[in-house]
Amino acid sequence: TTGIVVAVDGTSGSGKSSTCRGVAVRLGLRYLDTGAMYRAMTWWMLEQGVDVHDPAAVAARSGEPVIDSGTDPAGPTIHVDGHDVGAAIRTEQVTGSVSPVSTVPEVRTRLVELQRAEIAAALEGAGIVVEGRDIGSVVAPEAPVKLYLTADPAARARRRAAEEGGTDVAAVEKSLRGRDEIDSGRAVSPLTMAEGAVHLDTTPYTLEEVVDLVVGLVEAVE
Ligand code: C5P
């Protein structure tokens, strides 16, 4: 294969999604949002009435939902059992429950398997930008380009609140920090800077500047 894998990890709201989509569009790569897959799993658990704070209950049902990711960076999609859940996975209820669901090892094993299949398929072509928390460390440790994106929590909260249409900035900052804490503290595949990753603090840059920087890094290894 000749395709490239660009692994992008980082904290919640650091601009990962917009950056990754921008880079993938510019370079003609596929785009995989693994956070959307954890959100889809969480949405399904909530739909089924599974107690998301009971790891054994979550583990027992983790093999059931059929999760399908569309990897076009111009319009990524996510389906569960054939339903388009693109909007449903962004509700406060899902956002508030996704980190505990993501700590369950059986959930991670299942989704990592799906993610590796998407990567393998994309490597038949030009390649893929993969976004998450454990991409450079666990999902694709062999990726030739690894990034670790962070941003100042207050700046992240302002951005996210603006995206969500003027929701309470302090509440958004609290929610982002809470997710970062669980994501960084969990036993299995915690959010961490992968070996060989380039750390980029996006706080002072515009989206366009960050995309330019990352495109430059990818072109340098090709
Ligand atoms: O990226 P996004 O904010 O949509 O991710 C939602 C949640 O999914 C994260 O807070 C984290 O708990 C989980 N996640 C994960 N591993 C990934 C991607 C996301 O645990 N690779």
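Residues numbered from 1 in each chain as written. Predicted model: local features only at pLDDT ≥ 70, side-chain atom pairs only at ≥ 80, totals over all residues. Heavy atoms only, no water.

Draft legend 1. Geometry of the packing of helix α1 (residues 16-27) against helix α9 (residues 207-221). The N-to-C vectors of α1 and α9 enclose an angle of 55 degrees; their axes lie 9 Å apart at closest approach. With respect to each other, α1 and α9 are oriented oblique. Here the hand of the crossing between α1 and α9 comes out right-handed. The residues of α9 that touch α1, namely those facing S18, T19, G22, V23, R26 and L27, are L207, V210, V211, D212, V214, V215, V218 and E219. Grouping the amino acids of the contact of α1 with α9 by side-chain chemistry returns eight nonpolar, three polar and three charged. (Axes fitted to C-alpha atoms, helices over the stretch in contact; angles between N-to-C directions. Helix = DSSP H or I, 4+ residues; strand = E, 2+ residues; numbered from the N terminus. Parallel < 35°, antiparallel > 145°, perpendicular 65-115°, else oblique. Left-handed = near helix turned anticlockwise from the far one by under 90°. Contact = heavy atoms within 4.5 Å. Nonpolar A, V, L, I, M, F, W, Y, C, P; charged D, E, K, R; others polar.)

Draft legend 2. Examining the nonpolar core more closely. V5, I67, I78, V107 and I119 are the most contacted members of the largest nonpolar core, which has 36 residues in total. Elements with a contribution of two residues or more to this core: β1 (4-10), α2 (34-47), α3 (55-61), β4 (77-80), α4 (92-102), α5 (105-122), β6 (127-132) and α6 (135-139). The biggest single contributor to this core is α2, with eight residues. When residues no more than four places from it in sequence are discounted, the contact partners of I67 are M37, A40, M41, I78, H79, V80, L111 and L114. With 18 residues, the next largest nonpolar core counts I4, V8, Y31 and L147 among its residues. (Core = buried A, V, L, I, M, F, W, Y, C linked by side-chain atoms within 4.5 Å. Buried < 20%, exposed > 50% of the residue type's maximum accessible area, 1.4 Å probe, protein only.)

Draft legend 3. Region of the structure containing the sheet that holds strand β5 (residues 83-84). Judged by pairing direction, the sheet is antiparallel, and its three strands sit side by side in the order β3-β4-β5 without closing on themselves. With partners counted over all chains shown, the strands left at the sheet margins are β3 (67-70) and β5, one partner each. Sheet topology places β4 next to β5; two bridges connect them, and they run antiparallel. Bridging across to β5, V80 finds its partner in H83. Lying over the sheet, α2 contacts β3 and β4, oriented at roughly 30 degrees with respect to β4. (Pairing = 2+ DSSP bridges.)

Such coordinate-based values are descriptive only and should not be taken to indicate function.
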